[in-house]
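The lines below spell out each chain.
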Amino acid sequence: MKIGILTYWKSINNYGEQLQCFALQKYLENLGHEPFLIRYDYDADVIYGSSPFYLRLLRVCNPQRLAFYIRSKRNNRKKILDGKKHPRGFEKFREDNLSAGRVYRSIDELRNDPPEADVYITGSDQVWNTFGGKLSEKKNLLRAFYLDFGRRDVLRISYAASFGRSELPKDEIRLVAPLLQRFDAVSVREKSGIRVCGDLGRRDALLSCDPVLLHDADFYRKMYTDNGVCKKENRYLFFYYMNNGRDKNVKRVFETAALLGLEVVYVTDDTCEKPERSFPGVWEWVSLIDNAECVVTNSYHCILFSYIFGKKVSVIGRTGKYAGMNTRLDSFFETFGITPNYFESIPDENLKGSDGTLGIEVPEDLKRPEYVIETAGGRLYER
């Protein structure tokens, strides 16, 4: 079957985004299907200025909102420039590893010239999260990620889709509930998503694992080895930290690594030049997790790969506007019976364990439930 996948794909520094997209495609290929990425340009389809003029004027006159707007624009510009200065090869990764169709810049383009496929899949990743944006601005994105395009006879499936929230506002429910009714099968990544689907009238939603868990450690080791990635010689702590705001955890991780006699390989989307950052390619990033002495991260996918490789991992929880992302961690730990080790909760006197590993227990082999995607009849089955 020809399967079009709609998910996030454009990042220049989010490794998990790239790998979940790759993992699902590869899994479907192994089942004998022909998957391809529907390259929807979601950034181009945000409806800016959709609020009434008087509200926009009030925001401009509000010093705090104006300062936040200017700061956000400046930070986004810095990240774009930093990405050009320190390229990580994401575009080449996509060219080498993903089958892809044309670029669609709006929901209207998707509707007027829909991709030819037997099945549309939305997911994985937080495809149903508005990330705090207003519904009036994000309604086109939601329509696209709820597969509101294409022929009626195309099967519509969500695979491990994430809301990134435990509940939706009423106006969003009114928009997306009818769209979800058109799906032939629904699966979500977090247990909280099961409840949200119930609120949307889909009480048949299943829980599925993130696509990166559809493959084992040997599969990923072969991928990075075949791509010419060599093991780093020095002993190191791998520190992957996203949306961190340069908080106190950065300093504490480096101090801890010094206590353990470990080098720090620090990968982040922060643009600050100090402490020294690394800019690995996607397969190098996977290798860095596999060969680290231990891992400290606030990244969901970095945590998943740490457990795939049986690494000692300490977790930093998200805060502020990103706190809602912790629901995916809670669901993962609960599903697999893991007691997480939160870095912020480790007392200073316990940072150096007797074996020099942050006092982190080595997890048992991750017993991943097996998930089979059956497109015949548009059903998803958990095995």
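Residues numbered from 1 in each chain as written. Predicted model: local features only at pLDDT ≥ 70, side-chain atom pairs only at ≥ 80, totals over all residues. Heavy atoms only, no water.

For the protein chain, the helix and strand inventory stands at 13 helices and 13 strands. Considering only intrachain contacts with a sequence separation of at least 6, the fraction spanning at least 24 residues in the protein chain is 76%. Of the roughly 18,100 Å² that the protein chain leaves accessible, carbon and sulfur atoms contribute 49%. (Helix = DSSP H or I, 4+ residues; strand = E, 2+ residues; numbered from the N terminus. Contact = heavy atoms within 4.5 Å. Areas by Shrake-Rupley, 256 points an atom, 1.4 Å probe, with all protein chains shown as cover.)

What follows is about the sheet that holds strand E6 (residues 185-188). As summarised here, the arrangement of the seven strands in space is E3-E2-E1-E4-E5-E6-E7, forming an open sheet in which the pairing is parallel. One side of each edge strand has no neighbouring strand; the edge strands of this open sheet are strand E3 (100-104) and strand E7 (206-207). (Pairing = 2+ DSSP bridges.)

If you look at the biggest cluster of nonpolar residues, it comprises 99 residues, and the most contacted ones within it are Trp128, Tyr220, Phe238, Trp283, Trp285, Phe305 and Phe332. Beyond its immediate stretch of four places on either side in the chain, Trp285 contacts Tyr15, Leu19, Phe238, Tyr240, Val267, Pro280, His301, Cys302 and Phe305. Among the nonpolar cores identified, the runner-up in size contains 15 residues, and Leu237, Tyr241, Leu260 and Leu262 belong to it. (Core = buried A, V, L, I, M, F, W, Y, C linked by side-chain atoms within 4.5 Å. Buried < 20%, exposed > 50% of the residue type's maximum accessible area, 1.4 Å probe, protein only.)

Before going further, it helps to spend a moment on the pattern of salt bridges. Enumeration according to the criterion identifies 24 salt bridges in this entry. Measuring nitrogen to oxygen at the nearest pair gives 3.0 Å for the salt bridge that ties Arg94 to Glu91. Linking Arg94 with Glu91, this pair stays in helix H4 (residues 90-97), spanning three residues, or about one helical turn. Here Arg189 ties to Glu190 by a salt bridge, and the two come within 2.8 Å at their closest N and O atoms. Residue classification places Glu190 among the buried positions, given a relative accessible area of 2%. (Salt bridge = Lys/Arg side-chain N within 4 Å of Asp/Glu carboxyl O.)

Before going further, it helps to examine the side chain of Asp210. In this structure, Asp210 sits in the loop between E7 and helix H9 (217-226). Among the polar contacts listed, one links the side chain of Asp210 to the side chain of Arg189, at a separation of 3.1 Å. (Polar contact = N/O pair within 3.5 Å; in protein donor to acceptor, adjacent residues only side chain to side chain.)

Turning next to the sheet that holds strand E10 (residues 294-297). With parallel pairing, four strands are arranged side by side in an open sheet as E9-E8-E10-E11. Edge positions in the sheet fall to strand E9 (263-268) and strand E11 (313-315), since each of these pairs with one other strand and no more. Mean inter-strand twist for the sheet, computed between neighbouring axes without regard to direction, equals 15°. Alignment of E10 against E11, held across three bridges, turns out to be parallel. Within E11, the position partnered with Val296 by the bridge is Ser314. (Axes fitted to C-alpha atoms, helices over the stretch in contact; angles between N-to-C directions.)

Contact pair helix H1 (residues 15-30) / H4: the axes reach a minimum separation of 11 Å and the direction vectors enclose 0°. With respect to H4, the axis of H1 lies roughly parallel. Between H1 and H4, the residues in contact are Tyr15, Gln18, Leu19, Phe22 and Gln25 and Phe90, Phe93, Arg94 and Asn97, respectively. Grouping the constituent residues of the contact of H1 with H4 by class yields five nonpolar, three polar and one charged. (Parallel < 35°, antiparallel > 145°, perpendicular 65-115°, else oblique. Nonpolar A, V, L, I, M, F, W, Y, C, P; charged D, E, K, R; others polar.)

A few words now on the packing of aromatic side chains. Throughout the structure, instances matching the rule amount to 30 aromatic pairs. Pairing Phe238 with Tyr240 gives two aromatic rings, centres 6.5 Å apart and planes at 15°, and the pair type is stacked. Overall, Phe238 belongs to the buried group, its relative accessible area being 0%. Where Phe239 meets Tyr266, the ring centres are 5.0 Å apart and the plane angle is 20°; that geometry is what we call stacked. Remark: Tyr266 occurs in strand E9 and Phe239 occurs in strand E8 (residues 236-241); sequence separation between them is 27 residues. For Phe239, a relative accessible area of 0% translates into the label buried. Through a chain of ring-to-ring contacts, the aromatic side chains of Tyr15, Phe22, Phe90, Phe93, Phe219, Tyr220, Phe238, Tyr240, Trp283, Trp285, Phe305 and Phe309 assemble into a single cluster. One residue, Arg102, lies across the ring of Tyr104, its end atom 4.1 Å from the ring centre. Over the ring of Phe343 we find Arg252; its NZ or CZ atom is 5.1 Å from the centre of that ring. (Phe/Tyr/Trp six-rings, centres within 6.5 Å; stacked < 30°, edge-to-face > 60°. Lys NZ or Arg CZ within 6 Å of the ring centre and 35° of its normal.)

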